Amino acid sequence: MSTKFKKWFYYFKNGHEFLLKEEADIIIQVRFSLYLKWMNDKQIKDTVRKLVKQMYKDKFPNAKRWSLVNLFK
């Protein structure tokens, strides 16, 4: 049971390893895109954040947002 909890907590904190690869692919695509060379680092960071958020919505459409704060209310 403790190993399952450790695994779930690791996924909660760091994300799933398969999705991290997809996130890295999105970052590389945005960084080396010829159309986005004019962006500075903050704009690239915001663009990557939006694309990754959309990727998670597409992959898990029925997922509900939750946090540990709402768990104890």
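Residues numbered from 1 in each chain as written. Predicted model: local features only at pLDDT ≥ 70, side-chain atom pairs only at ≥ 80, totals over all residues. Heavy atoms only, no water.

Chemist: Explanation requested: a nonpolar patch on the surface in the structure shown.
Modeler: Together, Phe5, Trp8 and Phe9 give the surface a local cluster of nonpolar side chains, amounting to about 380 Å² of exposed area. Positionally, Phe9 belongs in helix H1 (residues 2-14). Owing to a relative accessible area of 42%, Phe9 belongs among the partly exposed residues under this scheme. (Patch = residues over 30% accessible without salt bridge, like charges linked within 9 Å, V, L, I, M, F, W, Y side chains within 5 Å. Areas by Shrake-Rupley, 256 points an atom, 1.4 Å probe, with all protein chains shown as cover. Salt bridge = Lys/Arg side-chain N within 4 Å of Asp/Glu carboxyl O. Helix = DSSP H or I, 4+ residues; strand = E, 2+ residues; numbered from the N terminus. Buried < 20%, exposed > 50% of the residue type's maximum accessible area, 1.4 Å probe, protein only.)

Chemist: Help me understand the nonpolar core in this model?
Modeler: Within soluble globular proteins, side chains that are nonpolar tend to cluster in buried spots. Counting residues in hydrophobic clusters, the biggest one holds seven residues: Ile26, Val30, Met39, Ile44, Val48, Val52 and Met55. Mapped by element, the contributors of at least two residues to this core are helix H2 (17-31) and helix H3 (41-59). (Core = buried A, V, L, I, M, F, W, Y, C linked by side-chain atoms within 4.5 Å.)

Chemist: What is the right way to look at the pattern of salt bridges in this model?
Modeler: Pairing between side chains of opposite charge can happen when the charged atoms of each approach one another. For the coordinates displayed, the defined rule picks out four salt bridges. Here Arg31 and Asp41 are joined by a salt bridge, their closest N and O atoms 3.1 Å apart. You can see Arg31 sitting in helix H2 and its partner Asp41 sitting in helix H3, a full ten residues away along the chain. With relative accessibility at 38%, the residue Arg31 sits in the partly exposed group. Lys42 is the partner of Asp46 in a salt bridge, and the nearest nitrogen-oxygen pair spans 3.3 Å. Taken as a pair, Asp46 and Lys42 lie in helix H3 at a separation of four residues, close to a single helical turn.

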